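# Architecture and fold: a report
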Amino acid sequence: MDEEIAGTEHFPDKSSAWTKKGFLEAVKLLTSDNNTLFQSLTGKLAEYPMLRTVLYELLFTGKQIPYVPQNQYIEMAAMFGFIKNRGGTAVIANRIFETVLYNLFISEEFATSKMYDAGAREGSQFIVGGHLNVRRVLEKFVETFDDLYGDRDETFLEDVGRRYFMLFLKPIINGVGNCYVETETRSRERMDLVIDYRGEQSVIEMKVWRGNAYHERGGKQLSEYLDHFHLKKGYMLSFNFNKKKEVGVKEIVLGDKLLIEATV
């Protein structure tokens, strides 16, 4: 922030660099760097395929993996600094490593992913006046996902649905914005994705449909989470395997919050 952000076009002096926007810009620069630490960490994934599997499960599926140091893969992941013990559960060591790993795993699918291609092809329509139009992102994702994978089953939605959204989003915000998943909400049922784009934050709750009662609780949880970020508008992306589901995007007013829900 002090040496590389200050003095740039958008942060002309140190007082403008030492702000929330300057911090987010610094995170973007750091996670896009190919320094020796990141090279060492990612190189270990090629050497130890099972280590890669463990980290992938932690990041994308929400699977809770017990922190058992006697397990050779848990021990290895901890030794290399990938994970740490949080209340008996293995979690990624820090958000920087997490973002680097997300970027790595997603980048490996660029060449063959139809979802990534769709995001890249349609990218310009989602930026309006320098701002990210998250609702339009969700609308186009729903349309694309339904065309490509609308007939798949529940297992498919749980395992790859959220990853496909991140693949779709990546080329849209690439080079300008960043995104990360809140550790506290990562589970098989729910993940909260936070998007930072030019200093503006948007929260998207990605969830697997578990019935109306669970769905209503999810809306309440998202509303409370928006309070944490001092936001009045939030987004929900529901992966619903119910054959009678209503695919599309709609608005829900919840107290003083506006929730924009997309269903695939």
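All of these numbers come straight from a predicted model, not from anything done at the bench. (Residues numbered from 1 in each chain as written. Predicted model: local features only at pLDDT ≥ 70, side-chain atom pairs only at ≥ 80, totals over all residues. Heavy atoms only, no water.)

With that out of the way, let us pick up the side chain of R163. Take R163: it is sitting in helix 9 (residues 154–173). Under the relative-accessibility criterion, R163 is labelled buried at 9%. Beyond its immediate chain neighbours, meaning those up to four positions away, R163 contacts Y56, F60 and E109. (Helix = DSSP H or I, 4+ residues; strand = E, 2+ residues; numbered from the N terminus. Buried < 20%, exposed > 50% of the residue type's maximum accessible area, 1.4 Å probe, protein only. Contact = heavy atoms within 4.5 Å.)

On to the pattern of salt bridges. A side chain of one charge can pair with a side chain of the opposite charge when the charged atoms of the two come close. Within the structure shown, the criterion is met by 11 salt bridges. Across the pair R135 and E139 runs a salt bridge, and its minimum N-O distance is 3.1 Å. Of this pair, R135 and E139 both sit in helix 8 (residues 134–149), separated by 4 residues, roughly a single helical turn. Across the pair K140 and E143 runs a salt bridge, and its minimum N-O distance is 3.0 Å. One end of the pair is K140 and the other is E143, both in helix 8 and 3 residues apart, which spans about a single turn. With relative accessibility at 39%, the residue E143 sits in the partly exposed group. Look at the salt bridges and you will find they share partners, linking R135, R136, E139 and E251 into a network. (Salt bridge = Lys/Arg side-chain N within 4 Å of Asp/Glu carboxyl O.)

On to the packing of helix 3 (residues 36–47) against helix 4 (residues 49–61), then. Interaxial distance between helix 3 and helix 4 falls to 5 Å at its minimum, and their mutual angle equals 115 degrees. Comparing their axes, helix 4 and helix 3 come out roughly perpendicular. Between helix 3 and helix 4, the contacting residues are K44, L45, A46 and E47 on the first element and P49, L51, R52 and L55 on the second. Split into classes, the residues belonging to the contact of helix 3 with helix 4 amount to 5 nonpolar, no polar and 3 charged. (Axes fitted to C-alpha atoms, helices over the stretch in contact; angles between N-to-C directions. Parallel < 35°, antiparallel > 145°, perpendicular 65-115°, else oblique. Nonpolar A, V, L, I, M, F, W, Y, C, P; charged D, E, K, R; others polar.)

Moving on to helix 5 (residues 72–79). Those residues of helix 5 not exposed but buried are I74, M76 and A77. In an axial view of helix 5, the angular spread of the buried residues amounts to 160 degrees, which keeps them on one side of the axis. Contacts from the buried residues of helix 5 go to helix 4, strand 1 (83–86) and strand 2 (89–92). Put simply, N71 is the residue that caps the front of helix 5, since its side-chain oxygen is 2.8 Å from the backbone nitrogen of Y73. One or two residues past the end of helix 5 sits G81, with phi positive at roughly 90 degrees. (Arc of directions from axis to C-beta. Polar contact = N/O pair within 3.5 Å; in protein donor to acceptor, adjacent residues only side chain to side chain.)

Within the secondary structure, Q201 sits in strand 7 (residues 200–208). Q201 sits in the buried class, given a relative accessible area of 14%. Polar contacts involving the side chain of Q201 include one to the side chain of K20, which spans 3.0 Å. For Q201, the side chain forms a polar contact with the side chain of D196, separated by 2.8 Å. Excluding anything up to four places from it in sequence, Q201 contacts K20, Y180, V194, I195, D196, F229 and L231.

Here the structure, examined in full by the defined rule, presents 12 aromatic pairs. Here the aromatic rings of F145 and F239 are separated by 5.8 Å at their centres, their planes lie at 65 degrees, and the arrangement is edge-to-face. Of this pair, F145 sits in helix 8 while F239 sits in strand 8 (residues 233–239), and the two are 94 residues apart along the sequence. Across this residue pair, the class does not change: F145 and F239 are buried. Joined through ring pairs, the aromatic side chains of F126, F141, F145, Y149, Y164, F165, F168 and F239 make up one cluster. Stacked on the ring of F80, the Lys or Arg K44 has its end atom at 5.0 Å from the ring centre. (Phe/Tyr/Trp six-rings, centres within 6.5 Å; stacked < 30°, edge-to-face > 60°. Lys NZ or Arg CZ within 6 Å of the ring centre and 35° of its normal.)

Here the focus is the environment of M1. Turning to its location among the elements, M1 is positioned in the segment before helix 1 (14–17). Sequence separation of M1 and T144 is 143 residues, and the distance between their C-alpha atoms is 38 Å.

To continue, consider the pairing of strand 1. Inspection of the sheet shows strand 1 paired to strand 2 by 4 bridges, in the antiparallel sense. Within strand 2, the residue paired with R86 across the bridge is T89. Where strand 1 hands over to strand 2, the hairpin turn is made up of 2 residues, of which G87 adopts a positive phi near 60 degrees. (Pairing = 2+ DSSP bridges.)

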